[in-house]
Structure formats: structure tokens, C-alpha cells
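Fold and contact review
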Amino acid sequence: MLLMPRPASARLPGFRALVRLLGTAVAGLAVLAAQAAPAPRRLFLTEPFPPYTYERAGKPAGPMVDVLDKACEQLGWRCEVRVMPWRRALALAEQGAADGLFTVVDAPERRKYFALSPAVLQARYTVFGRQGESLQYKGPASLEGRTVAAYGPSGTSMMLEELAQGLQIQTLIERDNLTVLRMLHAGRYGPQGLVLMNEAVALWLTAQNDMPPLQAVGTVKQFGYHFGLSRQRLSVADQQRFQRGLQQLCRSGRMAELLQPYALPAAPCN
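An account of the accompanying structure is given in this report. (Residues numbered from 1 in each chain as written. Predicted model: local features only at pLDDT ≥ 70, side-chain atom pairs only at ≥ 80, totals over all residues. Heavy atoms only, no water.)

Moving on: the overall build of the protein. Assigned secondary structure in the protein consists of 9 helices and 11 strands. Looking at the protein as a whole, 45% of its 270 residues are labelled buried. Considering only residue pairs separated by 6 or more positions, the protein has 75% of its internal contacts joining residues 24 or more positions apart. Total accessible area computed for the protein in this model is approximately 14500 Å², and 54% of it derives from carbon and sulfur atoms. (Helix = DSSP H or I, 4+ residues; strand = E, 2+ residues; numbered from the N terminus. Buried < 20%, exposed > 50% of the residue type's maximum accessible area, 1.4 Å probe, protein only. Contact = heavy atoms within 4.5 Å. Areas by Shrake-Rupley, 256 points an atom, 1.4 Å probe, with all protein chains shown as cover.)

See below:
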């Protein structure tokens, strides 16, 4: 068998060591370049929606904010959260003026603009009346002939529209949840008026504003709260990275630790 001679350069003293040295230098430069690259900035919008999101000492706070902060830290993102009225936040996010929106329910209207993260918190829509209300909710037909109010546009108002479809239910949409409760207690929805609201929100607002206790009529639906990731602003790869990051937080138990101080039920891990 004919053996080909090695290139002369390969026989030079220290050639292989030089190649290794150059390879190490190139790898080091790549690491330095990655470290020097600025962290991606991401803007998330939310609303005053206690006990899930609110402002404390002028800064965004609440369980959803805590989870977002940890997820962004793991991804190496610099995430900013701005709190504003929901209508404005929703409109801006749908227009692509933000990278994400929360707190979001899983609905076709939301999926049109956002890729939804795994659910972070569990919640439930409950029908409430004034103290002494005797109605027992056994399905949408139970509300026939009643006036039912909700806050919107929101997941709650979408749920109310679904409940009222094909039935004689008068629906009213107010600008915020506190207005809904005040109108209920003032009798503005009539002697048999009802409201549909996130149960935790209703109980929190009642306690914080020294309102009369509510009478729970029944649970309509259990659901989860998600982060909505802008389809216009974030690549599919970044959407998937965020989703995997939340799954990792949940499976590791770190998400449960973040949510524990708020005494709100966490959604099951995917």
C-alpha cells in the first residue's frame, strides 16, 4: 500500500500545539462575545387585578409578576412590566406594542394574537348575589330572566356572553370589578341582580373595601391564568423557550414556592 507523506506543515515542531492554542482562543472569544451581548429586553403589560397583579410602592407586584421575574431571569431576558387599565393593555399588546400580556385566559380571541404559556394559577368563575340570595346555580338556564353583570372586555365577560347565548339573560358589562360590586350592592341590577366574577377577586375586593358579604350562587367554570406571548414580537423559538422555562419552574417546585405566600392555587404542571 502506498503511503502518502504528511504535509510538511504538520511535521513542524509545535504545529499541533499551535492549532490547539488557536482553537482555545477562538472558543474563548466566542464566550466573551456571548457574555458581552446585551440581554434581550422584553416588555409585558398587565392590569391592576388583585390578588393576581397590582402595584406596591409604585412597582408591579403579585404572584404573576414574581413568576414572570423568575422565568425571565432563567432565560437571560431583561423583562419590564407596566401596569395600566386592561382595555389599553389589551389593545397595545394586540397591536404588537409589547412582547407579552397577562393575566390571560385560554380563549380563541386571545390565541389569535398570543401564544399562551402553560397555566400558572387556577381560578374559577362564580356567580354572586347579595346576601340572602336563594338561587342555586345548576347551569346557564338557572340564570334565565335575571340581570347578570361582569367586568369587561375580559375573560369574565366572554364567559358571560357564552352563558347567555340563546337564553333570556340581560347582560351588563362594566369598566372594572369594583364598579360591578358597588352597582350590585346599590341594587342597580334590580332586586334579583347577579354578577359573574373571579371568586378570589370578588372576595379580595369585598374585604378591602369593607363591603357587605356576598352570597355565592354557584361555580360556573374552573380555569387557568396564562401569560400571552405576542405572535408579532416574539419568534416561535422564543415562545417555546419561555414555555419550557415555566414548565421547568413548575416541575422543580420553584413555582409553588413563589406562589405559596399568596395562598392562591397553582395550576398543575404540564
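Along helix α5 (residues 155-164), 8 of the 10 residues are buried, which leaves the element largely enclosed by surrounding structure. Those residues of α5 that fall on the buried side of the exposure criterion are Gly-155, Thr-156, Ser-157, Met-158, Met-159, Leu-160, Leu-163 and Ala-164. Here the buried face of α5 lies against α4 (108-111), β7 (121-130), β8 (147-151), β9 (170-174), β10 (194-198) and β11 (214-230). Looking at where α5 begins, the residue whose side-chain oxygen comes 3.2 Å from the main-chain nitrogen of Thr-156 is Ser-154. Gly-166 sits one or two residues past α5 and shows a positive phi near 80 degrees. (Polar contact = N/O pair within 3.5 Å; in protein donor to acceptor, adjacent residues only side chain to side chain.)

For the rest of this paragraph, the subject is the packing of helix α6 (residues 177-185) against helix α7 (residues 199-208). Where α6 meets α7, the axes come as close as 10 Å, and the angle between the chain directions of the two elements is 70 degrees. Taken together, α6 and α7 sit at an angle that is classed as roughly perpendicular. When you trace α6 past α7, the crossing you get is right-handed. On α7, the residues touching Asn-177, Leu-178 and Leu-181 of α6 are Val-201, Ala-202, Leu-205 and Thr-206. Among the residues making up the contact of α6 with α7, the classes are represented as 5 nonpolar, 2 polar and no charged. (Axes fitted to C-alpha atoms, helices over the stretch in contact; angles between N-to-C directions. Parallel < 35°, antiparallel > 145°, perpendicular 65-115°, else oblique. Left-handed = near helix turned anticlockwise from the far one by under 90°. Nonpolar A, V, L, I, M, F, W, Y, C, P; charged D, E, K, R; others polar.)

Another point: the state of the cysteines. Inspection of every chain in the model, using the stated rule, returns 2 disulfides. Disulfide partner of Cys-72: Cys-79, at an S-S distance of 2.0 Å. Between Cys-72 and Cys-79 the disulfide shows an S-S torsion of about -85 degrees. By sign, it is left-handed. Shown here is the disulfide that connects Cys-250 with Cys-269, its sulfur atoms set 2.0 Å apart. On the sign convention where negative means left-handed, the S-S torsion of about -90 degrees between Cys-250 and Cys-269 marks this disulfide as left-handed. Here the residue Cys-250 occupies a position in helix α8 (residues 236-252), and Cys-269 occupies one in the segment after α9 (254-259), the gap between them amounting to 19 residues. You can call Cys-250 buried: its relative accessible area is 16%. What links to what in the protein: the bonded cysteines, counted in sequence order, pair as 1-2, 3-4. (Disulfide = S-S within 2.5 Å.)

The first and last C-alpha atoms of helix α2 (residues 63-75) sit 19 Å apart over 13 residues, in line with the 18 Å expected at 1.5 Å per residue. Within α2, burial applies to Pro-63, Met-64, Val-65, Val-67, Leu-68, Lys-70, Ala-71, Cys-72 and Leu-75. Gly-76 sits one or two positions beyond α2 and adopts a positive phi of about 75 degrees. (Expected span 1.5 Å × (residues − 1).)

Inspection of the secondary structure assignment puts Thr-46 in strand β1 (residues 41-46). Judged by relative accessible area, which is 1%, Thr-46 ranks as buried. Within the local environment of Thr-46, its side chain forms a polar contact with the backbone oxygen of Phe-102, the two atoms lying 2.7 Å apart. The contacts of Thr-46, once residues within four sequence positions are left out, are Thr-53, Val-81, Arg-82, Val-83, Met-84, Ala-89, Phe-102 and Thr-103.

The values reported here are purely geometric and, on their own, carry no functional implication.
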